[in-house]
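As a plain string of letters, each chain reads:
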Amino acid sequence: MAGSNRSFYSWLMTNRNTVSANEIQQFANNTFLDSTFPKQSTDFDEISKYLEENTTYLMSMTTFDQAWELYHTAST
């Protein structure tokens, strides 16, 4: 990520919301409970593959794509 070494997980945790008002916040809440999530990663392909192969809590990869776009924007 140009301009930042902040991991996607670290950024995503700033979106946690116990009320779960939207899909990204729900994604963040569930990711917080996932002990095997690649917490230090800044790599889209690594995280995407992990989510596709190892999780059931993400209803749509579109939610990840939207979150990644916000992360990328915040990191540049």
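Conventions adopted
Residues numbered from 1 in each chain as written. Predicted model: local features only at pLDDT ≥ 70, side-chain atom pairs only at ≥ 80, totals over all residues. Heavy atoms only, no water. Axes fitted to C-alpha atoms, helices over the stretch in contact; angles between N-to-C directions. Helix = DSSP H or I, 4+ residues; strand = E, 2+ residues; numbered from the N terminus. Parallel < 35°, antiparallel > 145°, perpendicular 65-115°, else oblique. Left-handed = near helix turned anticlockwise from the far one by under 90°. Contact = heavy atoms within 4.5 Å. Nonpolar A, V, L, I, M, F, W, Y, C, P; charged D, E, K, R; others polar. Buried < 20%, exposed > 50% of the residue type's maximum accessible area, 1.4 Å probe, protein only. Arc of directions from axis to C-beta. Phe/Tyr/Trp six-rings, centres within 6.5 Å; stacked < 30°, edge-to-face > 60°. Lys NZ or Arg CZ within 6 Å of the ring centre and 35° of its normal.

(A) Examining the packing of helix α3 (residues 44-54) against helix α4 (residues 61-75) more closely. It is the contact of α3 with α4, at a shortest axis distance of 11 Å, that shows an interaxial angle of 155°. The orientation of α3 relative to α4 falls into the category roughly antiparallel. For α3 against α4, the interelement crossing comes out right-handed. Seen from α3, the contacting residues are Phe44, Ile47, Ser48, Leu51 and Glu52; seen from α4, they are Met61, Phe64, Asp65 and Trp68. In the contact of α3 with α4, the residues fall into 6 nonpolar, 1 polar and 2 charged.

(B) A look at α3. All of the buried residues in α3 are Ile47, Ser48, Tyr50 and Leu51. Along α3, the residues classed as buried sweep out an arc of 160° about the axis, all on the same side. Residues of α3 that are exposed and point over 90 degrees away from its buried face: Asp45, Glu52 and Glu53. Elements that come into contact with the buried residues of α3 comprise α1 (8-13), α2 (23-32) and α4.

(C) Main features of the packing of aromatic side chains. Scanning the entire structure with this criterion turns up 12 aromatic pairs. Relative to Tyr71, the ring of Trp11 has its centre 6.0 Å away and its plane inclined at 55°; by these criteria the two rings are tilted. One end of the pair, Trp11, is in helix α1; the other, Tyr71, is in helix α4, with 60 residues separating them in the sequence. The pair Trp11 / Tyr71 is uniform in exposure class, with both members buried. Taking 6.0 Å as the distance between ring centres and 55° as the angle between the ring planes, the aromatic pair formed by Phe64 and Trp68 counts as tilted. Taken as a pair, Phe64 and Trp68 lie in helix α4 at a separation of 4 residues, close to a single helical turn. Each member of the pair, Phe64 together with Trp68, is buried. Positioned above the aromatic ring of Phe32, the side-chain terminus of Arg16 is 3.6 Å from the ring centre. The side chain of Lys39 reaches across the aromatic face of Tyr9, ending 5.1 Å from its centre.

No statement about biological role is implied by the geometric values presented.
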